[in-house]
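Structural description and commentary
Listed below, chain by chain, are the residues.
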Amino acid sequence: MNAEWKEKKIAGGRLIDHAGGRLALRHELAEVAIPDATTTYKPVPYTSFLERLERQLAVDGFTVSEEQYMLSKDGMQMGALWGIQHAELKCDGFKPVLTALSSYNKTTPRKVMCGFNVTACLNQAMWSDLAISRRNTLNADRDTMYFMAELSARLLPAFVRQNGVIERFKNAPLTVRDSDHLMIESWRCGAINSSDIARVAKEYAKPHHEEFAGRTVWSLFNATTEVLKGSNFWQLPQSTRLLTDLFATEVGAGPTATPATDGVIPLEFPTAN
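The numbering scheme is per chain: residues are counted from 1 as the chain's sequence reads. In view of the model being predicted, local features appear only for residues whose pLDDT reaches at least 70, and side-chain atom pairs are presented and counted only at 80 or more, with totals across whole chains, interfaces and linings using the full set of residues. Derived side-chain values reflect all non-hydrogen atoms in the structure, with water molecules and hydrogen atoms excluded from consideration.

**Examining the overall build of the chain**
Numbering of helices and strands runs from the N terminus, with a helix taken as a DSSP run of H or I at least four residues long and a strand as a DSSP run of E at least two residues long. Along the chain, the regular secondary structure elements total 7 helices and 10 strands. In this scheme, a residue with accessible area under 20% of its type's maximum is buried, one over 50% is exposed, and one in between is partly exposed, where area comes from a 1.4 Å probe on protein chains only. Put simply, the chain has 273 residues, and 51% of those count as buried. Of all intrachain contacts in the chain linking residues separated by at least 6 positions in sequence, the fraction that spans at least 24 positions is 61%. Summed over its atoms, the accessible surface of the chain is roughly 13200 Å², and 53% of this surface lies on carbon and sulfur atoms. Only heavy atoms matter for contacts: two residues are in contact if any of them lie within 4.5 Å across the pair. For accessible areas, the Shrake-Rupley method is used with a probe of radius 1.4 Å. Any residue's cover is judged against the shown protein chains and nothing else.

**So, the packing of helix α3 (residues 140-171) against helix α6 (residues 217-228)**
Working note: a packed helix pair is described by the angle between its axes plus the distance between those axes. In this analysis, axes come from line fits to C-alpha atoms, helices being fitted only over the stretch in contact, and the angle between any two N-to-C directions falls in the range 0 to 180 degrees. Where α3 meets α6, the closest approach of the two axes is 5 Å, and the angle between their N-to-C directions is 105°. The orientation of α3 relative to α6 falls into the category roughly perpendicular. Along the contact surface, α3 presents Ile-166, Phe-169 and Lys-170, while α6 presents Val-217, Trp-218 and Phe-221. Polar here means any residue outside two lists: the nonpolar Ala, Val, Leu, Ile, Met, Phe, Trp, Tyr, Cys and Pro, and the charged Asp, Glu, Lys and Arg; Gly therefore counts as polar. Among the residues making up the contact of α3 with α6, the classes are represented as 5 nonpolar, no polar and 1 charged. Small angles under 35 degrees read as roughly parallel and large ones over 145 as roughly antiparallel, with 65 to 115 read as roughly perpendicular and the rest as oblique.

**Considerations on the environment of Met-113**
Residue position: Met-113 is located in strand β7 (residues 110-115). When the C-alpha atoms of Met-113 and Leu-101 are compared, they prove to be 8.7 Å apart, with 12 residues separating the residues in sequence.

**Here we look at the side chain of Ser-72**
Relative to the helices and strands, Ser-72 is located in the loop between β4 (62-71) and β5 (77-86). On the basis of relative accessible area, Ser-72 is assigned to the buried category, the value being 7%. Among the polar contacts made by the side chain of Ser-72, one reaches the side chain of Asp-74 at a distance of 2.9 Å. For Ser-72, the side chain forms a polar contact with the main-chain nitrogen of Met-76, separated by 3.2 Å. As used in this structure description, the phrase polar contact means that two N or O atoms lie within 3.5 Å; if the pair is within protein, one of them must be able to donate a hydrogen and the other to accept it, and residues adjacent in sequence are counted only when both atoms belong to side chains.

**Here's the deal with the nonpolar core**
For soluble globular proteins, the rule of thumb is that nonpolar side chains tend to be buried together. Leu-50, Trp-82, Leu-98, Val-112 and Leu-155 are the most contacted members of the largest nonpolar core, which has 33 residues in total. The set of elements that each furnish at least two residues to this core consists of α2 (46-59), β4, β5, β6 (97-103), β7, β10 (130-134) and α3. Non-local contacts of Val-112, meaning those with residues more than four positions away in its chain, are made with Phe-49, Leu-53, Leu-98, Thr-99, Ala-100, Leu-130, Ala-131, Ile-132 and Leu-151. What makes a nonpolar core is a set of buried Ala, Val, Leu, Ile, Met, Phe, Trp, Tyr and Cys residues whose side-chain atoms join them at distances within 4.5 Å. Counting residues in each nonpolar core, the second largest holds 26 residues, with Ala-172, Leu-174, Ala-248 and Val-251 among its members.

This is the structure we're talking about:
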């Protein structure tokens, strides 16, 4: 990654900026000057937006366990990255994360994204499992709160389902023939390049991490994502989604995308506004 990129990570989540942004503490978000309101636009303070979101998560039993923040160079764009947890959700080795984006310059909408694999950039490019988006226009506050409540209510069932898929990965043994088949299918579906196949096979045979030494779908999945780490950054989320859907179908869980409802959208491919 180039030196000018700024990045914050929480296991399962990534918040980045490549246009002179800076890392920030939560109290610094309140220090950014808020533009004057107009007849059609009333900017909502970053801290108020985050406090409302945190309260809504609490209604559905979620708490914030980790938090990281980023501001654009002029402070007109903000990104928050939270690790979240729930008493009824037991995760082994991975963590649900939430990213929130907002701005004061009306060029980008407010967005909230959730999942086990979330990537967001201050330029509003983003990838996640569940997301809401609302432009900063009239009634944006009312609509954003409605969508946030809808998203929060759907989080636990979505995370439980994803957790169940991962458990299936861990408990599904692979023969040599099966693993070879999945590597070829990973290439056919576009998750990896043909030149990656040999590297995946090598990583699967001798994994960098001992916990993936077992011959399971989970081990092959992690061998493949290990190889993907060295691929084009902007293609990584889409590749991971294709790979997850392929492997989920292999263990009988079907594609992992969640059906869309108004304001709550499963994002399978990068979008930029």
